[in-house]
Amino acid sequence: MSVDLRYSTPAHNHNAIEPHATTAIWDGDRLTLHEATQGIDWVRRHLAHRFGVPVAGIRVLAPFVGGGFGGKGAVWAGTVLTALAARVTGRPVRMLLSRESVYRTVGGRTPSTQRVALGAEPDGRLTSLIHTSVTQTGSGAAARSR
């Protein structure tokens with residue numbers, strides 16, 4: 001007995017309940033960031049690397065995340081640009097993405113096509129399995145997964 005099926009998923013946009021917003025404040029080489037994020041430690045490490053400062057010098061405050069739906073797990077361009085603007089100007093900077101801007105600058109779930117094939121004996125014992133998946137991704141995602 002065998003089964004050989006294909007499945008697909010469409011592209012989806014992340015639509016968090018609260019908007020994507022960042023407030024960045026530099027004090028010398030120390031950065032305080034108010035950010036709605038699902039990954040405080042990832043934001044700290046990413047910004048420390050980008051700005052060449054110790055991770056211990058990055059403080060991320062994220063007391064509330066009102067449902068990120070996966071869209072608050074990465075460090076998007078708006079966060080980096082806000083921190084950069086605050087560093088260049090020497091003043092606190094706040095950035096708030098409009099709903100329309102979120103669609104243009106925040107990633108989402110990409111479409112995928114998958115094949116699942118199973119082979120089994122009459123008693124139900126599994127004898128073969130094939131699972132292939134094709135998913136769109138950019139070079140940045142490949143670099144993060146290494």
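Right above here is the structure, for reference.
Residues numbered from 1 in each chain as written. Predicted model: local features only at pLDDT ≥ 70, side-chain atom pairs only at ≥ 80, totals over all residues. Heavy atoms only, no water.

(A) Spotlight on the overall build of the protein chain. The helix and strand inventory of the protein chain stands at 4 helices and 7 strands. Counted from the first residue to the last, the protein chain has its helices and strands arranged as β-β-β-α-β-α-β-α-β-β-α. In terms of overall dimensions, the protein chain is more spread out than a globule: its C-alpha atoms have a radius of gyration of 21 Å, far above the 15 Å expected for 146 residues. Reported as C-alpha extents along the three principal axes, the dimensions of the protein chain are approximately 70 × 30 × 25 Å. Expressed as a percentage of its 146 residues, the buried residues of the protein chain come to 29%. Within the protein chain, contacts between residues at least 6 apart in sequence are counted, and of these 68% link residues at least 24 apart. Counting only carbon and sulfur atoms, one obtains 56% of the accessible surface of the protein chain, whose full area is about 9600 Å². (Helix = DSSP H or I, 4+ residues; strand = E, 2+ residues; numbered from the N terminus. Rg over C-alpha atoms; globule rule 2.2 N^0.38 Å. Buried < 20%, exposed > 50% of the residue type's maximum accessible area, 1.4 Å probe, protein only. Contact = heavy atoms within 4.5 Å. Areas by Shrake-Rupley, 256 points an atom, 1.4 Å probe, with all protein chains shown as cover.)

(B) Inspection of the pattern of salt bridges at higher detail. Taken as a whole and assessed by the stated rule, the structure comprises 5 salt bridges. In this structure, the salt-bridge partner of E121 is R125, at a minimum N-O distance of 4.0 Å. With a relative accessible area of 33%, E121 lands in the partly exposed category. Within the structure, one salt-bridge network assembled from shared partners comprises D41, R44 and R45. (Salt bridge = Lys/Arg side-chain N within 4 Å of Asp/Glu carboxyl O.)

(C) Looking closely at the side chain of H46. As for its position among the elements, H46 is in helix α1 (residues 40–51). The class for H46 is buried, based on a relative accessible area of 14%.

(D) Representation of the sheet that holds strand β5 (residues 93–96) within the structure. Ordered by their spatial adjacency, 4 strands build an open sheet running β4-β3-β2-β5, and the pairing between neighbours is mixed. The outermost strands of the open sheet, each flanked by one partner alone, are β4 (58–61) and β5. The sheet shows a mean angle of 15 degrees between the axes of neighbouring strands, direction not considered. Strand direction decides the pairing type here: strand β2 (residues 21–27) and β5, joined by 4 bridges, are antiparallel. Considered in β5, the bridge of A24 is made with V93. Those strands touched by helix α2 (residues 77–89) are β2, β3 (30–35) and β5, and its axis lies near 35 degrees from that of β2. (Pairing = 2+ DSSP bridges. Axes fitted to C-alpha atoms, helices over the stretch in contact; angles between N-to-C directions.)

(E) Region of the structure containing the environment of A77. Tracing the backbone shows A77 in helix α2. Taking the C-alpha atoms as reference, A77 lies 15 Å from A48; in sequence the two are 29 residues apart.

(F) Expanded view of the packing of aromatic side chains. Going through the model one piece at a time under the given rule, you end up with 1 aromatic pair. Ring geometry for W26 versus F51: centroids 5.4 Å apart, planes at 70 degrees, classification edge-to-face. Of this pair, W26 sits in strand β2 while F51 is found in helix α1, placing the two residues 25 residues apart along the sequence. Here W26 falls in the buried class, since its relative accessible area comes to 13%. Here F51 falls in the buried class, since its relative accessible area comes to 12%. For R87, the ring lying beneath its charged end belongs to W26, and the centroid distance is 4.5 Å. (Phe/Tyr/Trp six-rings, centres within 6.5 Å; stacked < 30°, edge-to-face > 60°. Lys NZ or Arg CZ within 6 Å of the ring centre and 35° of its normal.)

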